[in-house]
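# Fold and contact review
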Amino acid sequence: KVHPTNPNVIYIGYSHGGVWKTANGGATWAPIFDDQPFLAISDIELDPQNPEIVYVGTGDLNVSGYPFIGDGIWKSPDGGQTWQHLGLENQRIIAKIAVHPTNANIIYAAAMGLPFERNNDRGLYKTTNGGQSWQQVLFVSDSTGIIDLVMSPDNPQVLYASGWDRIRNNFES
């Protein structure tokens, strides 16, 4: 994710390598998420009103042969120096995050869920209080998670979500 006003600041995340940041256009990189318990990263989003606020969705959305799970969403108010957990740990893989362009208290999270079993934690979640509490606003099935999410640039009330029927364990894939 590239900072919108300073292209030298870039954040990247790996399926099992944490979050890295450069402040010099990629000449050097530093790990900024290594102290967290889960280092699989699916998404990084910046607050549209304050790009120093960074949101990270944990878990590997690819659900490969050896899936890496996460523990929900994390937020950094200071460009990655400190982190606070915003919940959704039972959803295990947060595939995508969308932050409302004018109200940072409204955040959407696309959850693939725990890939090994059927459960009702999959779906699309919304907070209206900056992550203090979350409500499931879309549920497809106990084997279908939300893999992608796009907020309309013309109307933030319009969301497009993609589901993926995906179980990955020793008995089915």
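Residues numbered from 1 in each chain as written. Predicted model: local features only at pLDDT ≥ 70, side-chain atom pairs only at ≥ 80, totals over all residues. Heavy atoms only, no water.

Here 4 strands make up an open sheet; going across it, the order is 8-9-10-11 and the pairing antiparallel. With one partner strand each, in any of the chains shown, strand 8 (94-99) and strand 11 (135-138) form the two edges of the open sheet. Mean inter-strand twist for the sheet, computed between neighbouring axes without regard to direction, equals 30°. As paired strands, strand 8 and strand 9 (residues 107-111) are joined by 5 bridges and run antiparallel to one another. Pairing of Ala98 across the sheet is with Tyr108, part of strand 9. (Pairing = 2+ DSSP bridges. Helix = DSSP H or I, 4+ residues; strand = E, 2+ residues; numbered from the N terminus. Axes fitted to C-alpha atoms, helices over the stretch in contact; angles between N-to-C directions.)

Applying the stated rule across the entire model yields 2 aromatic pairs. Pairing Phe33 with Trp74 gives two aromatic rings, centres 6.0 Å apart and planes at 90°, and the pair type is edge-to-face. Of this pair, Phe33 sits in the loop between strand 3 (30-31) and strand 4 (41-46) while Trp74 sits in strand 6 (residues 73-76), and the two are 41 residues apart along the sequence. Their ring planes at 90° and their centres at 5.0 Å tell us that Phe33 and Trp83 sit as a pair that is edge-to-face. Separated by 50 residues along the polypeptide, Phe33 in the loop between strand 3 and strand 4 and Trp83 in the loop between strand 6 and strand 7 (84-87) bring together distant segments of the chain. Pair check on accessibility: Phe33 and Trp83 agree, each one buried. (Phe/Tyr/Trp six-rings, centres within 6.5 Å; stacked < 30°, edge-to-face > 60°. Buried < 20%, exposed > 50% of the residue type's maximum accessible area, 1.4 Å probe, protein only.)

Time to look at the nonpolar core. Counting 13 residues, the largest nonpolar core has Tyr55, Ile73, Leu88, Ile94, Ile97, Ala109 and Trp134 as its most contacted members. Listing elements by their share of this core, those giving two or more residues are strand 8 and strand 9. Look past the residues within four positions of Trp134 in its chain and what remains in contact with it is Ile73, Leu86, Leu88, Ile107, Ala109, Tyr125, Lys126 and Thr127. Counting residues in hydrophobic clusters, the runner-up holds 12 residues, among them Val9, Val19, Ile41 and Trp83. (Core = buried A, V, L, I, M, F, W, Y, C linked by side-chain atoms within 4.5 Å. Contact = heavy atoms within 4.5 Å.)

Worth remembering: the numbers are spatial, not functional.
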